[in-house]
Amino acid sequence: MREIVLDTETTGFEPETGDRIVEIGAVELYNHVPTGKTYHQYINPERSMPNEAFEVHGLGDDFLRDKPLFAQIVDDFLEFIGDAKLVIHNAAFDVKFLNAELRWSKRPQLPRDCAIDTLEIARRKFPGSPASLDALCRRFGIDNSSRTLHGALLDSEILAEVYLELIGGKQPDLVLTPAGQKSGSDSAGADDWRPQRRAVALPSRLSEEEKAAHAAFVEKLGANALWTRG
């Protein structure tokens, strides 16, 4: 199962009033495991950057001026995401912007059910608790110290860790190993392990009545019964 954890940065909140995407970051998961494949692109929004947005992500007019337009990168972006399910924090916001940019580029829209919304998952799982990305990092002990400003690729990498925790945590090690011994190919002496006698024998599961009945049965078999041989 292929999933794409995705985040965008924009010039504001509403594409229909002129706001545009200025950065896309995405991380590929396969069967809930990061593959190492990522997508990252800065985009020229063809408009000035409002100060409120600049304070969030630090992407200014001078930096974005020589970056490609969305229409120039749209095919590469669509090829990367393919038909994978998207994983987005507050998916309605990002999908709204992506569909606006796709429409302006004369490309098909993303379907309504294209994304898993980690914000909704967090609110269902922890009702009444803060559900921002930073709050979820604190809850799960995920290091987000490098997140001084919002950045689409960094936020996608962090969100991938948060998502895996929200759906039940990283897949546990299924290798069965003796107590106290580490699993994995780097475990010293793993191949030398041998079963040993228990220090304390397990208690008998037979009742006294069952023991007496068995002794009576053996006695009826005579001196040559198997149970009487040493």
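Residues numbered from 1 in each chain as written. Predicted model: local features only at pLDDT ≥ 70, side-chain atom pairs only at ≥ 80, totals over all residues. Heavy atoms only, no water.

### Here we look at the packing of helix 6 (residues 133-140) against helix 7 (residues 152-166)
Packing of helix 6 against helix 7 leaves a shortest axis separation of 10 Å and a crossing angle of 55°. Considering the angle they form, helix 6 stands oblique to helix 7. Remark: the crossing between helix 6 and helix 7 carries left-handed chirality. For the pair helix 6 and helix 7, the contacting residues are Leu133, Leu136, Cys137 and Phe140 in the first and Asp155, Ile158, Leu159, Val162, Glu165 and Leu166 in the second. (Axes fitted to C-alpha atoms, helices over the stretch in contact; angles between N-to-C directions. Helix = DSSP H or I, 4+ residues; strand = E, 2+ residues; numbered from the N terminus. Parallel < 35°, antiparallel > 145°, perpendicular 65-115°, else oblique. Left-handed = near helix turned anticlockwise from the far one by under 90°. Contact = heavy atoms within 4.5 Å.)

### Some details on the nonpolar core
Leu6, Ile24, Phe77 and Ile81 are the most contacted members of the largest nonpolar core, which has 24 residues in total. Those elements giving two or more residues to this core turn out to be strand 1 (2-10), strand 2 (21-30), helix 3 (70-81), strand 4 (85-88) and helix 4 (91-104). Not counting the four nearest positions on each side in its chain, isoleucine 24 is found in contact with Leu6, Asp7, Thr8, Tyr39, His40, Gln41, Ile43, Phe70, Phe77, Leu98 and Ala152. By size, the runner-up hydrophobic cluster in this structure holds 21 residues, among which are Leu29, Val87, Phe126 and Leu133. (Core = buried A, V, L, I, M, F, W, Y, C linked by side-chain atoms within 4.5 Å. Buried < 20%, exposed > 50% of the residue type's maximum accessible area, 1.4 Å probe, protein only.)

### A few points about the packing of aromatic side chains
For the structure on display, the rule yields six aromatic pairs. Ring centres 4.8 Å apart and planes at 90° place the aromatic pair tyrosine 42 and phenylalanine 63 in the edge-to-face group. Note that tyrosine 42 is positioned in strand 3 (residues 33-42) and phenylalanine 63 in helix 2 (residues 61-64), a separation of 21 residues in sequence. Judged by its relative accessible area of 36%, phenylalanine 63 is partly exposed. Ring centres 5.0 Å apart and planes at 50° place the aromatic pair phenylalanine 93 and phenylalanine 97 in the tilted group. On the criterion of helical spacing, the pair formed by phenylalanine 93 and phenylalanine 97 is a turn pair, its members being four residues apart in helix 4. Of the two residues examined, phenylalanine 93 and phenylalanine 97, each falls in the buried class. The structure contains a cluster of three or more aromatic residues connected by ring pairs, namely Phe13, Phe93 and Phe97. Across from the ring centre of phenylalanine 126, 3.7 Å away, lies the NZ or CZ of arginine 139, which sits over that ring. (Phe/Tyr/Trp six-rings, centres within 6.5 Å; stacked < 30°, edge-to-face > 60°. Lys NZ or Arg CZ within 6 Å of the ring centre and 35° of its normal.)

### Quick notes on unusual backbone geometry
Glycine aside, residues mostly have negative phi, and peptide bonds are mostly found in the trans state. The phi dihedral of histidine 32 falls on the positive side, at around 70°, and the residue is not glycine. Residue position: histidine 32 is located in the loop between strand 2 and strand 3. The phi torsion at lysine 106 lies on the positive side, around 60°, for a residue other than glycine. As for its placement among the helices and strands, lysine 106 is situated in the loop between helix 4 and strand 5 (115-117). Residue classification places lysine 106 among the exposed residues on the basis of a relative accessible area of 72%.

### Here we look at the pairing of strand 4
For strand 1 and strand 4, the ladder comprises three bridges, and the chain directions are parallel. Within strand 4, the position partnered with valine 5 by the bridge is valine 87. Direction of pairing for strand 4 relative to strand 5: parallel, over a ladder of three bridges. Residue pairing across strands places leucine 86 opposite alanine 115, the latter belonging to strand 5. Regarding the hand of the β-α-β motif, the stretch spanning strand 4, helix 4 and strand 5 is right-handed. (Pairing = 2+ DSSP bridges. Right-handed = clockwise from strand over helix to strand, strands pointing away.)

### Quick word on the pattern of salt bridges
What the rule picks out here adds up to eleven salt bridges. Glutamate 14 is the partner of lysine 96 in a salt bridge, and the nearest nitrogen-oxygen pair spans 3.5 Å. With lysine 96 in helix 4 and glutamate 14 in the loop between strand 1 and strand 2, this residue pair connects regions lying 82 residues apart in the sequence. The class of lysine 96 is partly exposed, set by a relative accessible area of 32%. Between aspartate 75 and arginine 107 there is a salt bridge, and its shortest N-O distance comes to 3.0 Å. Linking aspartate 75 in helix 3 with arginine 107 in the loop between helix 4 and strand 5, this pair joins segments that are 32 residues apart in sequence. (Salt bridge = Lys/Arg side-chain N within 4 Å of Asp/Glu carboxyl O.)

In short, geometric facts, not functional conclusions.
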